[in-house]
Amino acid sequence: MERQLLSGDEAVALAALHAGVALGTGYPGTPSTEILETFDTLGGRAQWAPNEKVALEVGLGAAFGGARAIVTMKHVGLNVAADPLFTAAYTGVTGALIVVTADDPGMASSQNEQDNRRYAIAAALPMVEPADSQEAYDFFFVAVEISERWQIPVLFRMTTRVCHSKSIVAPDRAAAADGAPAMGGPTTSMPHFEHDITARVMIPANARPAHRRLRAKMAEIAAWGEAEAWSAAPGLVALNRIEPGGRALGIVTDGVGYLHAAEAAPDASILKIGLVNPLPLERIRTFAASVDRTVVVEEGDPVVGDSLRAAGIPVEARPEMYRFGELDVARVRRILAGDTSPEPAPALGKPPELCPACPYHTVYATLKKHDCITAGDIGCYSLGVLPPYAAMDTCVAMGASIGVGLGLRHVLPPDEARRVVSIIGDSTFVHSGISGLVEMAYNPPPSGHVVIVLDNGTTAMTGQQEHPGTGRRLDHGPTNKLSIEGIATAIGIPSVTVIDAYAEPEEFERLLLERLATPELSVIVARRPCILAAADIRKWEQQAVEFRAQAAEQAVFDLPIGEQ
Ligand SMILES: Cc1ncc(C[n+]2csc(CCOP(=O)(O)OP(=O)(O)O)c2C)c(N)n1
Ligand code: SF4
């Protein structure tokens, strides 16, 4: 197959296709979103789940069934998926399960810059980390190999630069002309289920030996990482490598840090780690002993540096200031020089703002006018925190608006409590807002509460993905549609109103004041399409109407003659 210019996300999608991945699932989140979108475009079976936990569970089920599966999410998504992740490490898998975590050092579009290499250590899972698109493609196959050989989920860590930078990829594992997956192995045969209750049912009696099995697997993978991950097995690339250079400086590095380090210190000896958990400690110890000084160049937390120091390997401590933000060549030069002088302030970009015809304007204008205390959430609507509205008081994690609003309502004095509103987008509501609404019905505050669901018919923030509330699948084809107002009513919220706040601002204001004045629980669904997505939504809805009409016609045609 010809060489291609691909982003890291696209390279992973292509590798998944060539590896015969049977199912890709995930939840959108920058910088991971394009993996599943590309996988779908390439002809892979890709679907959005309501949230990352469900995505991981679906992927795990596919891997229990003997298939190869990929699950994608941004770094904070792994927090949502952490519960099944930790125990999936115990159960292991029958096929292959690759869990992509796309970290965002520097928080280009995230609420925190957590370093998910820590998850690999905490859950005791192997973690593979590419530095560029070629490695994203190549390492994916090694990740599948590890997953199948040790029957264990593998974490595949990407970061913003690796996900979004484009570089040349030679996709030499391209599918054979007959369409067979390029990668052999047990899971390219038809998935099937074999009972294995002790391995997959994690009651304590089964989980105790499973934990020991997991640690034994990780010890084997560590030994493999020391001995074999340096030279490529037939058809695979090596995950770890040493690039010999001068004796004066040795650099241990992973991910995109490698590219910066190679440019900043062309004369240094470099030990590049592609298997970041478990670390090849003995190899690194030997490497460190072969050079005069050893510096770890890693973005984010000092995960590798701390592990090496804990193992008694003498590496220089990195000044704390370089924990924050992305690295670049200039910053790596500073690290190598031990420079802790203040860094130049980054150039200020144009602050983001709501589109001029965004349906959210009237909602925020009303909240501001009445000095509401707004428990907010994550999405395009987070922009309501900026001027001219500054009408969002909290924003913590997806779905947190309802719980935080309820907590405020429970403790604030009555005159303040009555001004508390929770505001949440439609995709976020489905992701993790529904359980907050259950809490609201279960433990209603004395003053009641008002939740506004901003239903703009899309996941706007991450690039207009579908979700269960749109009634369309990842490929925009029709499927069952979740009704937000139906859910709220079924949960037992007594007042549920749907309104187009943009078209009827006075009516929205009247409704909001009425609901704030009553101790009854209220959900207001402010429904109007995102202006940027509206034309596409109309197109897909029209296609769905035509699809349903054709299906109905076909159903009549298929009836036995006489019943048509
Ligand atoms: C746990 C987690 N997963 C994914 C994301 C990425 N993300 C941020 S907001 C958002 C959804 C926004 O959609 P919606 O609630 O419909 O609001 P809109 O952007 O359309 O205003 C997503 C997926 C995240 N921040 N946290
Ligand atoms: S993209 Fe859509 S939801 Fe986001 S600000 Fe623009 S109109 Fe509003």
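All values reported here derive from a predicted model rather than from experimental measurement.

1. Description of the overall build of the protein chain
Then step 1. When you go through the protein chain residue by residue, the secondary structure sums to 20 helices and 18 strands.
Then step 2. Relative to a compact globule of 564 residues, whose C-alpha radius of gyration would be 24 Å, the protein chain shows 26 Å and is just as compact.
Then step 3. A buried classification covers 50% of the 564 residues belonging to the protein chain.
Then step 4. Summarising the internal contacts of the protein chain: among those between residues at least 6 apart in sequence, 75% fall at separations of at least 24.

2. Thoughts on the sheet that holds strand S10 (residues 249-254)
Backbone-to-backbone hydrogen bonds pair the strands of a sheet. The strands run either parallel or antiparallel.
Then step 1. Across the sheet, which stays open at both edges, the 4 strands sit in the order S9-S11-S10-S13 with mixed pairing between neighbours. In this open sheet, the two strands that pair with only one neighbour each are strand S9 (241-243) and strand S13 (293-297). The average angle at which neighbouring strand axes cross in this sheet is 20 degrees, direction not considered.
Then step 2. In this sheet, S13 lies alongside S10 in parallel orientation, the contact comprising 5 bridges. Paired with Leu 249 across the two strands is Arg 293, which belongs to S13.

3. A closer look at the site of ligand 1
Then step 1. Neighbouring residues of ligand 1: 22 residues in total, closest Gly 379, Gly 425, Ser 427, Ala 460 and Met 461.
Then step 2. Of all the secondary-structure elements, those providing two or more residues to the shell around ligand 1 are helix H4 (75-91) and helix H17 (426-442).
Then step 3. Structurally, the shell around ligand 1 is a two-domain feature, drawing no fewer than three residues from each of domain 1 (4-227) and domain 3 (361-533).

4. Details of the pairing of strand S15 (residues 420-425)
Then step 1. Counting buried positions along S15 yields 6 of 6 residues, so the element is predominantly enclosed.
Then step 2. Residues Val 420, Ser 422 and Ile 424 point to one face of S15 and Val 421, Ile 423 and Gly 425 to the other, with burial holding for every one of them.
Then step 3. As judged from the 3 bridges shared by strand S14 (residues 373-375) and S15, these two strands associate in the parallel manner. By the bridge assignment, Ala 375 is partnered in S15 with Ser 422.

5. Looking at the sheet that holds strand S16 (residues 449-455)
Then step 1. Reading across from one edge, S14-S15-S16-S18-S17 is the order of the 5 strands in this open sheet, with parallel pairing throughout. Whereas interior strands pair on both sides, the edge strands pair on one side only; in this sheet they are S14 and strand S17 (495-499). Ignoring strand direction, the axes of neighbouring strands in this sheet form an average angle of 20 degrees.
Then step 2. Together, S16, S17 and strand S18 (521-527) form the strand contacts of helix H18 (residues 484-491), whose direction differs from that of S17 by roughly 170 degrees.

6. Side note on the packing of helix H1 (residues 8-18) against helix H6 (residues 133-150)
Then step 1. The contact between H1 and H6 brings their axes to 8 Å, and the two run at 30 degrees. For the element pair H1 / H6, the angle class is roughly parallel. Remark: the crossing between H1 and H6 carries right-handed chirality. Together, Gly 8, Ala 11, Val 12, Leu 14, Ala 15 and Ala 16 of H1 and Ser 133, Ala 136, Tyr 137, Phe 140 and Phe 141 of H6 make up the contact between the two elements.
Then step 2. Counted by class, the contact of H1 with H6 contains 9 nonpolar, 2 polar and no charged residues.

7. Regarding the pairing of S18
Then step 1. Across the 7 residues that make up S18, a large majority, 6, are buried.
Then step 2. Both S16 and S18 contribute to a ladder of 7 bridges, which runs parallel. Looking at S18, one finds that Asp 455 is bridged to Arg 527.
Then step 3. Chirality of the crossover, the property in question, places the unit of S17, helix H19 (residues 505-517) and S18 among those that are right-handed.

8. So, the confidence of the model for the protein chain
Then step 1. When pLDDT is averaged across the protein chain, the result is 94; 96% of the residues are at 70 or more.
Then step 2. Counting contacts from residues 176-181, a segment whose pLDDT is below 50, to residues more than four positions away or on other chains yields 7 contacts.

9. Quick look at the site of ligand 2
Then step 1. Taken together, Leu 354, Cys 355, Cys 358, Tyr 360, Cys 380, Asn 456, Ala 460, Cys 530, Ile 531 and Leu 532 make up the full set of residues near ligand 2.
Then step 2. Looking at the shell around ligand 2 residue by residue, the class counts come to 9 nonpolar, 1 polar and no charged.

10. Here's the deal with H1
Then step 1. Taking burial as the measure, the 11 residues of H1 include 11 buried ones, the bulk of the element.
Then step 2. Of the residues making up H1, those classed as buried are Gly 8, Asp 9, Glu 10, Ala 11, Val 12, Ala 13, Leu 14, Ala 15, Ala 16, Leu 17 and His 18.
Then step 3. At the exit of H1 stands Gly 20, carrying a positive phi of roughly 75 degrees.

11. What to know about the domain arrangement of the protein chain
Then step 1. Taken domain by domain, the protein chain holds domain 1 (4-227), domain 2 (241-337) and domain 3 (361-533).
Then step 2. For domain 1 versus domain 2, the distance between C-alpha centres works out to 26 Å.
Then step 3. Contacts between the two partners involve 28 residues from domain 1, matched on the other side by 19 residues from domain 2.
Then step 4. Counting only elements with at least two residues in the side of domain 1 that touches domain 2, the list comes to helix H5 (117-123), strand S6 (127-128), H6, strand S7 (154-159), helix H7 (160-164) and helix H9 (204-227).
Then step 5. By residue number, the principal contributor to the side of domain 1 that touches domain 2 is H9, which donates 5 residues.
Then step 6. In terms of residue class, the side of domain 1 that touches domain 2 is made up of 14 nonpolar, 3 polar and 11 charged.

Cut-off values and rules
Residues numbered from 1 in each chain as written. Chains lettered and ligands numbered in written order. Predicted model: local features only at pLDDT ≥ 70, side-chain atom pairs only at ≥ 80, totals over all residues. Helix = DSSP H or I, 4+ residues; strand = E, 2+ residues; numbered from the N terminus. Rg over C-alpha atoms; globule rule 2.2 N^0.38 Å. Buried ≥ 20, exposed ≤ 12 C-beta atoms within 10 Å, placed from the backbone. Contact = placed C-beta atoms within 7 Å. Pairing = 2+ DSSP bridges. Axes fitted to C-alpha atoms, helices over the stretch in contact; angles between N-to-C directions. Near = placed C-beta within 6 Å. Domains from an automatic or database assignment. Parallel < 35°, antiparallel > 145°, perpendicular 65-115°, else oblique. Left-handed = near helix turned anticlockwise from the far one by under 90°. Nonpolar A, V, L, I, M, F, W, Y, C, P; charged D, E, K, R; others polar. Right-handed = clockwise from strand over helix to strand, strands pointing away. pLDDT = per-residue confidence, 0-100.

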